[in-house]
Amino acid sequence: MIEKRRTKVRARIKEIYDYREMIAALVKRDLKGRYKGSALGFLWTFLNPLFQLAVYTMVFSVIMKSGIKDYYLFLFVALIPWIFFGTSLTGGAGCILAQQDMVKKIYFPREVLPVSFVVSQFVNMLLSFLVIFLVLLLAGYTLHPMALLCLPIIMAVEFVLALGFTFAASAVTVYFRDMEYILGILSMAWQFLTPVMYSLEQVPQEVRWIFSMNPMTYVIVAYRDILYFGKLPRLETLIFALVLGVLVLAGGWMAFCRLQRHFAEEM
């Protein structure tokens with residue numbers, strides 16, 4: 001039975017891989033069409049996070065002083081990864097419904113749609129990281145070579161996390177349309193319960209267990225260790241993040257596989 005399931009999973013992964021050109025085409029279309037018709041076009045990829053950074057920095061550095069050195073950098077290296085995750089979750093929830101004509105008319109692995117959406121957001125994050133590196137270098141921060149080698153690992157872990165949640169959210173939204181709006185509220189609450197705008201050390205010890213159950217806590221802490229503190233992330237941080245990421249991906253994909261059978265009827 002176990003071997004049969006493994007064979008089925010491998011066959012499904014191979015089928016999704018066979019549609020890689022379709023995934024690439026959808027990603028390209030999304031990146032090109034996102035700001036089509038706007039005056040600034042692709043520059044909004046960088047301007048959106050910079051505007052958010054400016055607002056948060058003013059609030060926590062001027063009005064509600066955090067006391068953290070170079071707070072704008074402390075925030076920036078965590079905000080960009082969070083934007084990727086939050087957008088994947090909230091925007092990805094509607095990715096199946098947005099392509100309902102395609103889902104009804106032609107056959108392809110339905111996983112292609114959430115995968116292409118998350119990949120598109122991931123490309124946006126990578127482009128925004130060019131700004132992060134530039135700002136860090138201009139501010140005189142030294143990037144630890146060994147720590148930087150861990151950056152692709154934590155990026156991959158976050159990608160897996162985002163994909164797992166997007167699988168589940170996009171499938172549930174087909175049956176329960178309000179999920180898109182609920183996730184918008186949950187995402188906002190989730191951001192405040194993740195050490196994006198503050199450090200984990202500022203969280204009272206009696207409620208820190210809540211943060212230990214949040215997979216994004218480990219991801220954000222690792223990004224900040226690598227980029228802001230310029231040090232290797234703790235091994236247990238990487239392990240916890242990896243384990244939680246794999247579990248979320250497996251759970252999200254299982255939910256997607258069960259629910260996708262009746263997508264066409266529900267649209």
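Residues numbered from 1 in each chain as written. Predicted model: local features only at pLDDT ≥ 70, side-chain atom pairs only at ≥ 80, totals over all residues. Heavy atoms only, no water.

1. Observations concerning the overall build of the protein
No. 1: Summing up its helical and strand segments, the protein has 14 helices and zero strands in all.
No. 2: Taken from N to C terminus, the helices and strands of the protein fall in the order α-α-α-α-α-α-α-α-α-α-α-α-α-α.
No. 3: Looking at the 267 residues of the protein, the share that counts as buried comes to 45%.
No. 4: Pairs at least 24 residues apart make up 78% of the contacts formed inside the protein by residues separated by at least 6 positions.
No. 5: Of the roughly 14,400 Å² that the protein leaves accessible, carbon and sulfur atoms contribute 69%. (Helix = DSSP H or I, 4+ residues; strand = E, 2+ residues; numbered from the N terminus. Buried < 20%, exposed > 50% of the residue type's maximum accessible area, 1.4 Å probe, protein only. Contact = heavy atoms within 4.5 Å. Areas by Shrake-Rupley, 256 points an atom, 1.4 Å probe, with all protein chains shown as cover.)

2. With respect to the packing of aromatic side chains
No. 1: Inspection of the entire model under this criterion finds 16 aromatic pairs.
No. 2: When the centroid spacing of 5.3 Å and the interplanar angle of 85 degrees are considered together, the rings of Phe 74 and Tyr 228 count as edge-to-face. Pair noted here: Phe 74 is in helix H4 (residues 71-92) and Tyr 228 is in the loop between helix H12 (215-227) and helix H13 (235-259), with a separation of 154 residues, a long-range link. By the burial criterion, Phe 74 is buried, and Tyr 228 matches it.
No. 3: Positioned above the aromatic ring of Phe 74 is the side chain of Arg 224, whose terminal nitrogen or guanidinium carbon lies 3.6 Å from the ring centre.
No. 4: The side chain of Lys 231 reaches across the aromatic face of Phe 229, ending 5.4 Å from its centre. (Phe/Tyr/Trp six-rings, centres within 6.5 Å; stacked < 30°, edge-to-face > 60°. Lys NZ or Arg CZ within 6 Å of the ring centre and 35° of its normal.)

3. Let's talk about the confidence of the model for the protein
No. 1: On average, residues of the protein score 85 in pLDDT, and 89% of them reach the 70 mark or higher.
No. 2: Looking at the elements of the protein, mean pLDDT is at its lowest for helix H3 (residues 44-63), recorded as 68, and at its highest for helix H9 (residues 151-175), recorded as 94. (pLDDT = per-residue confidence, 0-100.)

4. Looking at the environment of Arg 12
No. 1: On the secondary structure map, Arg 12 appears in helix H1 (residues 2-18).
No. 2: Overall, Arg 12 belongs to the buried group, its relative accessible area being 18%.
No. 3: Along the sequence, Arg 12 and Glu 111 sit 99 residues apart, while their C-alpha atoms lie 9.7 Å from each other.
No. 4: When sequence neighbours within four positions are dropped, the list of residues in contact with Arg 12 reads Tyr 107, Pro 109, Arg 110, Glu 111, Trp 253 and Gln 260.

5. Regarding the packing of H4 against helix H7 (residues 112-138)
No. 1: Relative orientation of the contacting elements H4 and H7 amounts to 170 degrees, with a least axis distance of 10 Å. In terms of orientation, H4 lies roughly antiparallel with respect to H7. Every residue of H7 that contacts H4 at Tyr 72, Leu 73, Phe 76, Val 77, Ile 80, Pro 81, Phe 84, Thr 87, Ser 88, Gly 91 and Gly 92 is listed here: Phe 117, Val 118, Gln 121, Phe 122, Met 125, Ser 128, Phe 129, Val 131, Ile 132, Val 135 and Leu 136.
No. 2: Classifying every residue of the contact of H4 with H7 gives 16 nonpolar, six polar and no charged. (Axes fitted to C-alpha atoms, helices over the stretch in contact; angles between N-to-C directions. Parallel < 35°, antiparallel > 145°, perpendicular 65-115°, else oblique. Nonpolar A, V, L, I, M, F, W, Y, C, P; charged D, E, K, R; others polar.)

6. Structural notes on a nonpolar patch on the surface
No. 1: Nonpolar side chains collect at one region of the surface, where Tyr 175, Phe 176, Ile 182 and Leu 186 lie side by side and expose about 330 Å² of accessible area between them.
No. 2: With respect to the helices, strands and loops of the structure, Leu 186 is situated in helix H10 (residues 179-192). (Patch = residues over 30% accessible without salt bridge, like charges linked within 9 Å, V, L, I, M, F, W, Y side chains within 5 Å. Salt bridge = Lys/Arg side-chain N within 4 Å of Asp/Glu carboxyl O.)

7. Points about the packing of H9 against H13
Helices that pack against each other are described as a pair by the angle of their axes relative to one another and the distance between those axes.
No. 1: In contact at an axis separation of 8 Å, H9 and H13 are set at 25 degrees when each is read in the N-to-C sense. Judged by the inter-axis angle, H9 sits roughly parallel to H13. Here the hand of the crossing between H9 and H13 comes out left-handed.
No. 2: Looking at side-chain class alone, the contact of H9 with H13 contains 21 nonpolar, four polar and no charged residues. (Left-handed = near helix turned anticlockwise from the far one by under 90°.)

8. Quick look at the nonpolar core
No. 1: Counting residues in hydrophobic clusters, the biggest one holds 76 residues, and the most contacted among them are Phe 129, Ile 154, Tyr 223 and Leu 227.
No. 2: For this core, the element with the highest residue contribution is H4, accounting for 13 residues.
No. 3: Not counting residues within four places of it along the chain, the set of residues in contact with Tyr 223 comprises Val 77, Pro 81, Met 125, Phe 129, Leu 151, Ile 154, Met 155, Glu 158 and Tyr 228. (Core = buried A, V, L, I, M, F, W, Y, C linked by side-chain atoms within 4.5 Å.)

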